[in-house]
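Structure assessment
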Amino acid sequence: MSVSVQTSSSAWVPEFVLPGRRWRNWGRSQSARPVFAARPRTVEEVVGAVRFARERALSVTCVGASHSFSAIAAAEGVQVDVSALSGLIEADAASGRVRLGAGTRLHELPALLDPLGLALENMGDIDRQTIAGAISTGTHGTGIRFGGLASRIVGATLVTAEGEVLSIDESSELLPAVRVGLGALGVLVDVTVACVPSFLLQAVERPEPLDAVLDEVSERMRGADHFEFYWFPHTATVLTKTNTRLPADAASAPLSPVGRWVDEALLSNGVFAVTCAAGRAAPALIPGVNRLATRLIGDRDYTDVSHRVFATRRSVRFREMEYSVPLEALGDALREIRMLIDARGWRISFPVEVRATAPDDSLLATSHGRESGYIAVHRYFRDDHHEYFAAIESILTAHDGRPHWGKMHTQDAASLAPRYERFAEFLAVRDRLDPHRTFTNRYIRRVLGP
């Protein structure tokens, strides 16, 4: 199906388009003031928003949950908020394929999928994002046999700069580009996800010696369905989490409501907020606080439905940079980061997060063509992150690192092109779908070129 843009008076303003207001992302690392803000409720209104922007020679930038730390959603012309395009559109429980509105939040999916006996194959540890935003930025979880969320997209509907509504499926040569499209190819209005039968996860969380885990990090990643760990700087301990997939009818042993509240609301968020604020006021306290955190958090074993184990609540605001590196470089990269922090004398309150995923054939997936390890570094949102992030970035780029598109980094098209063997192919798709650069902003121009 296609809906063509038609010329009309430049005075025409749809009711769902309002004057732009100041926008800020969740991490308070980006802000913008678009000229107009549109919140379309239907595909036809998305077409109208694009038409409205083109008639005024304004750019279009989509926004979902505003959870990206990079400026990928910072609109200059017309900000198109896809949040109202949400919910289950159609489903085939037999094949496991579900079609979802682009603005559907990941945390809403269990209520939609559970009645069908389905679940996402893998998830990240935050579920506040819209599904369109999550796939467009390459959001991933952990599990060396599992790709990021975009790898499970088998279809999508895209509104192009010409006002065409393109239905893209697995037979289309466009799908590998559209899966992780950065918002640069058009407006995603729905996506079709290949889900899996519902399953449980047995989670074993425990503290372990950092050096021992790094010595065998590739084997640990390959030896579990899902393995990840957190290292609190200034300590010799990591908090490991090993998840084993179990059938949906296996015996469950979930955390009690009180236990989950104590861990997530009280320790992981409440106490952590206090320690971040205290560490900012008195940095000398941070090493001791981090050592205490490794004793208070973790060391538990529970079994629950997959989404309750994958995702955790995060209420302490932070800023984040994450890079993927070849899996075999993961241990060396983290050792260099530890030595750097010690040498600089920094006091870092937030843990370093380490994960891994399978290769992905999406053109701009950070795991494209290789088993990938991920290193994510964070700073409390009130702390100055610049020196820390820049120094870590130098280490990770030296290991052929690729930055997460939705997280902070300083790479540009010239430095990114050699890191993606099909980068030029993506640019060719962009030229085909958006030759006049309707879908752009400062970030897109930096990472893809003008």
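Above this text you will find the structure in question.
Presented here is a report on the structure given in the accompanying data block. No experiment lies behind these values; they were computed from the predicted model shown.

Let's talk about helix H1 (residues 43-55)
Counted at 1.5 Å a residue, the expected span for H1 with its 13 residues is 18 Å, and the 19 Å between its end C-alpha atoms agrees. The set of residues buried in H1 consists of Glu-45, Val-46, Val-47, Gly-48, Ala-49, Val-50, Phe-52 and Ala-53.

Description of the sheet that holds strand S5 (residues 60-63)
Overall, mixed pairing links the four strands, which are arranged S1-S4-S6-S5 in an open sheet. With partners counted over all chains shown, the strands left at the sheet margins are strand S1 (17-19) and S5, one partner each. Here the average twist between neighbouring strands, direction ignored, is 25°. Here S1 pairs with strand S4 (residues 36-38) via three bridges, running antiparallel.

Digging into the pattern of salt bridges
For the structure shown, the criterion picks out 35 salt bridges. Measuring nitrogen to oxygen at the nearest pair gives 3.6 Å for the salt bridge that ties Glu-162 to Arg-54. Remark: Arg-54 occurs in helix H1 and Glu-162 occurs in the loop between strand S10 (153-159) and strand S11 (165-169); sequence separation between them is 108 residues. Each member of the salt-bridge network shares a partner with another, and the members are Glu-320, Glu-322, Glu-353, Arg-355 and Lys-407.

Looking at the layout of surface pockets
For the largest pocket, the calculated volume is near 420 Å³. Along the walls of the largest pocket sit 21 residues, with Gln-30, Ala-71, Met-408, His-409 and Arg-446 positioned nearest its centre. Residue assignment for the lining of the largest pocket shows that the elements contributing at least two residues are strand S3 (31-32), helix H11 (386-398) and helix H14 (442-448). Looking at the lining of the largest pocket residue by residue, the class counts come to nine nonpolar, eight polar and four charged.

Some remarks on the pairing of strand S12 (residues 187-194)
With respect to burial, S12 is a largely interior element, eight of its eight residues being buried. Bridge analysis of strand S8 (residues 97-101) against S12 gives five bridges, and the strand direction is antiparallel. Note that in S12 the partner of Gly-101 across the bridge is Asp-190. Sheet topology places S10 next to S12; six bridges connect them, and they run antiparallel. Along S12, the bridge assignment pairs Ala-156 with Val-191.

Considering the sheet that holds strand S16 (residues 237-247)
Spatially, the eight strands line up as an open sheet ordered S17-S14-S16-S15-S19-S20-S18-S21, and their pairing is antiparallel. Of all the strands in the sheet, just strand S17 (300-305) and strand S21 (402-403) have a single pairing partner and so form its edges. Packed onto the sheet, helix H10 (residues 330-344) meets strand S15 (226-231), strand S18 (318-326), strand S19 (352-357) and strand S20 (372-380) and runs at close to 25° relative to S20. Contacts from H11 reach S18, S19 and S20 within the one sheet, and its direction differs from that of S18 by about 10°.

Comments concerning empty space enclosed by the protein
Throughout the structure, instances matching the rule amount to four cavities of 30 Å³ or more. Size it by volume and the second largest cavity reaches roughly 90 Å³. Asn-122, Met-123, Gly-124, Gly-148 and Leu-149 are the residues nearest the centre of the second largest cavity, which is lined by 13 residues in total. Taken together, the residues that form the lining of the second largest cavity break down as four nonpolar, seven polar and two charged.

Observations regarding the side chain of Ser-218
With respect to the element layout, Ser-218 can be found in helix H6 (residues 217-222). In this structure, Ser-218 is in contact with Leu-327 and Glu-328, ignoring residues within four places of it in sequence.

Cut-offs applied
- Residues numbered from 1 in each chain as written.
- Predicted model: local features only at pLDDT ≥ 70, side-chain atom pairs only at ≥ 80, totals over all residues.
- Heavy atoms only, no water.
- Helix = DSSP H or I, 4+ residues; strand = E, 2+ residues; numbered from the N terminus.
- Expected span 1.5 Å × (residues − 1).
- Buried < 20%, exposed > 50% of the residue type's maximum accessible area, 1.4 Å probe, protein only.
- Pairing = 2+ DSSP bridges.
- Axes fitted to C-alpha atoms, helices over the stretch in contact; angles between N-to-C directions.
- Salt bridge = Lys/Arg side-chain N within 4 Å of Asp/Glu carboxyl O.
- 1 Å grid on protein atoms, 1.4 Å probe; cavity = no way out; pocket = protein on both sides within 12 Å on 5 of 7 lines; lining within 4 Å.
- Points joined across faces, edges and corners; volume = space filled by probe spheres on them.
- Nonpolar A, V, L, I, M, F, W, Y, C, P; charged D, E, K, R; others polar.
- Contact = heavy atoms within 4.5 Å.

Geometry only, nothing functional implied.
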